[in-house]
Structures are given as C-alpha cells and as structure tokens.
Amino acid sequence: MRLRMELFVDDLDVSIAFYTGLLGFRVVRRSADYAVLVRGHVVLGLGLMANLSAGPGAAWQPAGGARGAGGARGDGGSWGAGASGAGARGAGVEIVLELDDVDEVSALYEHCAARVAAVEPLRLRPWGLHDFRLTDPDGYYLRVTHGNAEASEAAAV
C-alpha cells in the first residue's frame, strides 16, 4: 500500500518551494493549479484551495449524507460544510514524515532551522524517537521523525 495525501493550498508556487526547497520533495507533475511531489514513498498532491467548490473547511459527504450541501462530485458525494465548520486549515491533523534514521532527521532539522524561524526544536521524545515540528505556509502541521514511529509509540503505551 502507498499513501498519497492531497493538501489544498492558497499559493501553489509558495507551497512547492516549501516542500521541495525545505523538505526535499521533488516535483514529478505540474499544471497551473495542481502539482504532484514525491519524496521516497510519500506522494503529495498540492491543489489550489480556490478550486474547491465549497472553499475552506469543506468536507466530502457521502451521497444522501446528513451534513451540508455543496458542489456535486462524480462519485455521488458532495462537498459541504465540515463537521467542525470553519477553522484552522488542517486543525486536528498531524502529518508525520518518517525518515530512515536520526542522522537524517538531524540534518533536515539543521536545514529547516537555518531557513525557517518557526521550527520547534529537535527533541528526544518519551517514546524513544527524535523529532521536530513545523507548519507549512498554509498552516498544515508537520512532524519529522525517524524509524518506525508506530512500533515505538505502541511500545511506549
């Protein structure tokens, strides 16, 4: 299985520069309003927020869903108001980028810290992994860590 995540952004050029220049992604496809970026096994789609028919805070609802009515989608669902309504973009979501080892995390932290003021410090966490955290230009919250985060977090419980 491969994970592909899509983020909707205000300025595609700014977001592409952030993910490529800061986090080491590379652009594999680009159009005027959409880009596909890759780093290792991570595939990231970036689309323009303006292209969502219901705008910020929109959430997909299944056909016949009880919440909101928005633009029709080809799969029978629709874009409508999200359960929590308007709020910070990505609120309640943490995007975790897992690198191979702590040296790679440390090098990426140094790279990010030298270029972006709003980077939380690299720390050893109680569950045994080193990580740092930052937000992208649209407010999406990112955690950069190493190893098998899921196994380490499960062992700490």
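Visitor: Explain the pattern of salt bridges to me, please; I cannot follow it from the model alone.
Guide: Between side chains of opposite charge, a pair can form as their charged atoms come close. By the definition in use, this model includes eight salt bridges. Among the salt bridges present, the one from Arg-30 reaches Asp-13, with a minimum N-O distance of 2.9 Å. Note that Arg-30 is positioned in strand E2 (residues 26-30) and Asp-13 in helix H1 (residues 12-22), a separation of 17 residues in sequence. A relative accessible area of 42% places Arg-30 in the partly exposed class. The partly exposed category is assigned to Asp-13, whose relative accessible area is 48%. Taking the shortest distance from any N to any O, the salt bridge between Asp-131 and Arg-143 comes out at 3.9 Å. On the criterion of sequence distance, the pair formed by Asp-131 in strand E9 (residues 130-135) and Arg-143 in strand E10 (residues 141-146) is long-range, its members being twelve residues apart. It is possible to trace a salt-bridge network through shared partners that takes in Glu-94, Arg-125, Asp-131, Arg-133 and Arg-143.

Visitor: Mind showing me how you'd approach the sheet that holds strand E1 (residues 4-9) here?
Guide: To summarise the sheet geometry, strands pair through backbone hydrogen bonds and adopt either a parallel or an antiparallel arrangement. If you walk across this open sheet you meet the four strands as E1-E4-E3-E2, and the pairing is mixed. In this open sheet, the two strands that pair with only one neighbour each are E1 and E2. In this sheet, adjacent strand axes meet at a mean angle of 25° when their direction is disregarded. In this structure, E1 lies alongside strand E4 (residues 42-48), joined through six bridges in parallel fashion. Paired with Met-5 across the two strands is Leu-44, which belongs to E4.

Thresholds, definitions, all that
Residues numbered from 1 in each chain as written. Predicted model: local features only at pLDDT ≥ 70, side-chain atom pairs only at ≥ 80, totals over all residues. Heavy atoms only, no water. Salt bridge = Lys/Arg side-chain N within 4 Å of Asp/Glu carboxyl O. Helix = DSSP H or I, 4+ residues; strand = E, 2+ residues; numbered from the N terminus. Buried < 20%, exposed > 50% of the residue type's maximum accessible area, 1.4 Å probe, protein only. Pairing = 2+ DSSP bridges. Axes fitted to C-alpha atoms, helices over the stretch in contact; angles between N-to-C directions.

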